[in-house]
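# Per-entry structural report
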Amino acid sequence: IRQELDPESRVFRTTAFGTITLEDLRRHIAVVRQVRATDYPELIDARETTSVVLRSRDLLEVAHLAREALGHARPQPRAVVVESGEHFAIARTISALVAGWMTLGVFHDVESAERWLAHPLRREAT
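Residues numbered from 1 in each chain as written. Predicted model: local features only at pLDDT ≥ 70, side-chain atom pairs only at ≥ 80, totals over all residues. Heavy atoms only, no water.

### Digging into the packing of aromatic side chains
Within the structure shown, the criterion is met by one aromatic pair. Ring geometry for Phe-107 and Trp-116: centres 5.4 Å apart, planes at 55°, overall tilted. Classification of Trp-116 as buried rests on a relative accessible area of 5%. (Phe/Tyr/Trp six-rings, centres within 6.5 Å; stacked < 30°, edge-to-face > 60°. Buried < 20%, exposed > 50% of the residue type's maximum accessible area, 1.4 Å probe, protein only.)

Have a look at this one:
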């Protein structure tokens, strides 16, 4: 997982590739917390992810880790871009688990995700 703050768009950009594990997600959440990336919208491009090695209870742990990392802060929205139906389902499950404290949209293309992040009113309707 690679992460960087795009200074022009002021979007925290994350690229996930290869096999993603629970440990990868733990490290990602730790970096997000450490660099205060929750202050910026995040675009997570996971189209190059070949497999996701997570059990059902791991998805719940990811949600709890994200919640703990946030404390009482309300983060900027997150958008995840995936290609496969299986990865879409995993991302939507995580989105449902964090819905009470974080807005996480799931998309099949980067352009739609970027438009969604750029327009707060559209996010309310999604």
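Okay, back to it.
### Describing unusual backbone geometry
Of note in this structure, Arg-10 is not a glycine but carries a positive phi near 60°. A positive phi angle, near 55°, is found at Arg-36, a position not held by glycine. The topology assignment puts Arg-36 in the loop between helix H1 (22-34) and strand E3 (42-53). Classification of Arg-36 as exposed rests on a relative accessible area of 55%. (Helix = DSSP H or I, 4+ residues; strand = E, 2+ residues; numbered from the N terminus.)

### Looking at the sheet that holds strand E2 (residues 11-21)
Taken in spatial order, the five strands make up an open sheet running E1-E2-E3-E4-E5, and their pairing is mixed. Looking at which strands have only one partner, the edges of the open sheet turn out to be strand E1 (2-6) and strand E5 (104-107). Each adjacent strand pair in this sheet contributes to an overall mean axis angle of 20°, direction not counted. Both E1 and E2 contribute to a ladder of five bridges, which runs antiparallel. Looking at E2, one finds that Arg-2 is bridged to Thr-15. Most of the contacts of H1 go to E2, to which it runs at about 165°, and overall it touches E1, E2, E3 and strand E4 (78-81). (Pairing = 2+ DSSP bridges. Axes fitted to C-alpha atoms, helices over the stretch in contact; angles between N-to-C directions. Contact = heavy atoms within 4.5 Å.)

By themselves, these observations are geometric and do not establish any function.
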